[in-house]
Amino acid sequence: MSIGLGILLVAIGAVLTFALNVTVDWIDLDLVGYILMIAGAVVIILGLIFMMRRRRSISTTSTTADPVAGQRVTRTEDQVTPPEV
């Protein structure tokens with residue numbers, strides 16, 4: 001979702017900067033467009049970084065039947081791969 005938000009911010013910023021020829025006395029639309037494009041790029045980069053961090057964890061769930069008690073046993077293991085150096 002953050003990558004989509006970043007693309008949206010870049011697109012709105014590009015429209016404000018390059019497509020509009022409107023002059024407003026109290027705000028510079030070109031500057032606002034550049035700020036939105038930079039913010040969109042930062043959001044995209046952060047989204048990619050967080051997506052890479054989520055992919056490093058491995059979750060394993062196994063369900064077996066206990067032969068003595070006759071009950072179902074569920075075991076969950078979470079493994080985190082070591083960070084690359």
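Given the structure is predicted, the values throughout are model-derived calculations rather than measurements. (Residues numbered from 1 in each chain as written. Predicted model: local features only at pLDDT ≥ 70, side-chain atom pairs only at ≥ 80, totals over all residues. Heavy atoms only, no water.)

Novice: What am I meant to see in the packing of aromatic side chains here?
Specialist: What characterises a pair of aromatic rings is the spacing of the ring centres plus the angle enclosed by the ring planes. Inspection of the entire model under this criterion finds 1 aromatic pair. Summarising the aromatic geometry, the rings of F18 and Y34 are spaced 6.2 Å apart at their centres and angled 85 degrees between planes, so their arrangement reads as edge-to-face. In this pair, F18 is assigned in helix α1 (residues 2–19) and Y34 in helix α2 (residues 29–54), connecting sequence segments 16 residues apart. (Phe/Tyr/Trp six-rings, centres within 6.5 Å; stacked < 30°, edge-to-face > 60°. Helix = DSSP H or I, 4+ residues; strand = E, 2+ residues; numbered from the N terminus.)

Novice: I would appreciate a short explanation of the side chain of T17 in the present structure.
Specialist: Its location among the elements puts T17 in helix α1. A distance of 3.5 Å separates a polar atom in the side chain of T17 from the backbone oxygen of D30. Not counting residues up to four positions away in its chain, the partners in contact with T17 are D30, G33, Y34 and M37. (Polar contact = N/O pair within 3.5 Å; in protein donor to acceptor, adjacent residues only side chain to side chain. Contact = heavy atoms within 4.5 Å.)

Novice: Could you clarify how one ought to interpret α1 in this entry?
Specialist: For an α-helix the count is 3.6 residues per turn, leaving residues at separations of three or four pointing the same way. Here α1 contains 18 residues, and its C-alpha end-to-end distance of 25 Å stays within 8% of the 26 Å for a straight helix at 1.5 Å per residue. Every buried residue of α1 is accounted for by G6, L9, G13, L16 and T17. Seen along its axis, α1 keeps its buried residues to an arc of 95 degrees; they face one direction. In α1, the exposed positions that point more than 90 degrees away from the buried face belong to F18 and A19. (Expected span 1.5 Å × (residues − 1). Buried < 20%, exposed > 50% of the residue type's maximum accessible area, 1.4 Å probe, protein only. Arc of directions from axis to C-beta.)

Novice: Would you mind going over the UniProt feature "transmembrane region" (unreviewed entry) in the protein chain with me for this structure?
Specialist: The UniProt record annotates "transmembrane region" (unreviewed entry) at residues 31–52. For residues 31–52, the end-to-end C-alpha separation is 32 Å, with 100% helix and 0% strand making up the annotated structure. (UniProt positions renumbered as here; feature names shortened; annotations may be inferred.)

Novice: What exactly am I supposed to notice about a nonpolar patch on the surface here?
Specialist: Taken together, I38, V42, I45, L46, I49 and F50 make up a surface patch of nonpolar side chains, about 550 Å² in accessible area. As for its position among the elements, V42 is in helix α2. Overall, V42 belongs to the partly exposed group, its relative accessible area being 43%. (Patch = residues over 30% accessible without salt bridge, like charges linked within 9 Å, V, L, I, M, F, W, Y side chains within 5 Å. Areas by Shrake-Rupley, 256 points an atom, 1.4 Å probe, with all protein chains shown as cover. Salt bridge = Lys/Arg side-chain N within 4 Å of Asp/Glu carboxyl O.)

Novice: Is there a simple way to think about the environment of G6 in this case?
Specialist: Among the secondary structure elements, G6 is positioned in helix α1. Residue G6 is classed as buried on the basis of its relative accessible area, which comes to 0%. Each C-alpha atom of the pair G6 and A39 lies 7.4 Å from the other, and the pair is 33 residues apart in sequence. In this structure, G6 is in contact with G40, V43 and I44, ignoring residues within four places of it in sequence.

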